[in-house]
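Analysis of the macromolecular model
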Amino acid sequence: MRKLLATTLIVAAAGSLGACSTLRGAAIGGAGGAGIAAASGGDVEKGAAVGGVGGAVVGTVADD
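Note that the structure is predicted; figures quoted are calculated from it, not measured. (Residues numbered from 1 in each chain as written. Predicted model: local features only at pLDDT ≥ 70, side-chain atom pairs only at ≥ 80, totals over all residues. Heavy atoms only, no water.)

1. Description of the overall build of the protein chain
A count of helices and strands for the protein chain gives three helices and zero strands. In sequence order, the secondary structure elements of the protein chain are arranged as α-α-α. Every one of the 64 residues in the protein chain was classed for burial, and the buried ones make up 30%. Look at the contacts in the protein chain between residues 6 or more apart in sequence, and 44% of them connect residues 24 or more apart. (Helix = DSSP H or I, 4+ residues; strand = E, 2+ residues; numbered from the N terminus. Buried < 20%, exposed > 50% of the residue type's maximum accessible area, 1.4 Å probe, protein only. Contact = heavy atoms within 4.5 Å.)

2. Here's the deal with helix 2 (residues 21-40)
In a regular helix each residue adds 1.5 Å, so 20 residues correspond to 28 Å; helix 2 covers 28 Å between its end C-alpha atoms and thus fits that length. Looking only at helix 2, the buried set comprises Gly25, Ala26, Ala27, Gly29, Gly30, Gly33, Ala34 and Ala37. In the segment just after helix 2, Gly41 is the residue with positive phi, at about 80°. (Expected span 1.5 Å × (residues − 1).)

3. As for a nonpolar patch on the surface
Taken together, Val53, Val57 and Val61 make up a surface patch of nonpolar side chains, about 290 Å² in accessible area. Along the chain, the position of Val53 falls in helix 3 (residues 44-63). The exposed category is assigned to Val53, whose relative accessible area is 56%. (Patch = residues over 30% accessible without salt bridge, like charges linked within 9 Å, V, L, I, M, F, W, Y side chains within 5 Å. Areas by Shrake-Rupley, 256 points an atom, 1.4 Å probe, with all protein chains shown as cover. Salt bridge = Lys/Arg side-chain N within 4 Å of Asp/Glu carboxyl O.)

4. Description of the environment of Asp43
If you trace the backbone, Asp43 turns up in the loop between helix 2 and helix 3. With relative accessibility at 41%, the residue Asp43 sits in the partly exposed group. Considered as a pair, Asp43 and Gly33 are ten residues apart in the sequence and their alpha carbons are 9.9 Å apart. There is a polar contact of 3.2 Å between the side chain of Asp43 and the backbone nitrogen of Glu45. (Polar contact = N/O pair within 3.5 Å; in protein donor to acceptor, adjacent residues only side chain to side chain.)

5. Things to note about the confidence of the model for the protein chain
Segments scoring low in pLDDT should not have their predicted coordinates read at a detailed level. When pLDDT is averaged along the protein chain, the result is 74; 66% of the residues meet or exceed 70. Confidence scores differ between elements of the protein chain, with helix 1 (residues 2-17) showing the lowest mean pLDDT of 61 and helix 2 the highest of 82. (pLDDT = per-residue confidence, 0-100.)

6. Here's the deal with the environment of Ala48
Locating Ala48 in the fold gives a position in helix 3. Here Ala48 falls in the buried class, since its relative accessible area comes to 7%. Through-space distance from the C-alpha of Ala48 to that of Ile36 is 8.8 Å; in sequence the pair is twelve residues apart.

Spelled out as structure tokens, the structure:
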């Protein structure tokens, strides 16, 4: 869990420093996915991974 939190914070920091919507989307999606998985009793790491990928896709589309 600590590894996941550290990774999420690093990605969030990178996303806020750069203008890249893909990184920001991945960070927001990862945090949201982890939160939903934790609240529903699911696997937090899988939730973060799925949310991160979904957020990155949305960020990429928003960049274009």
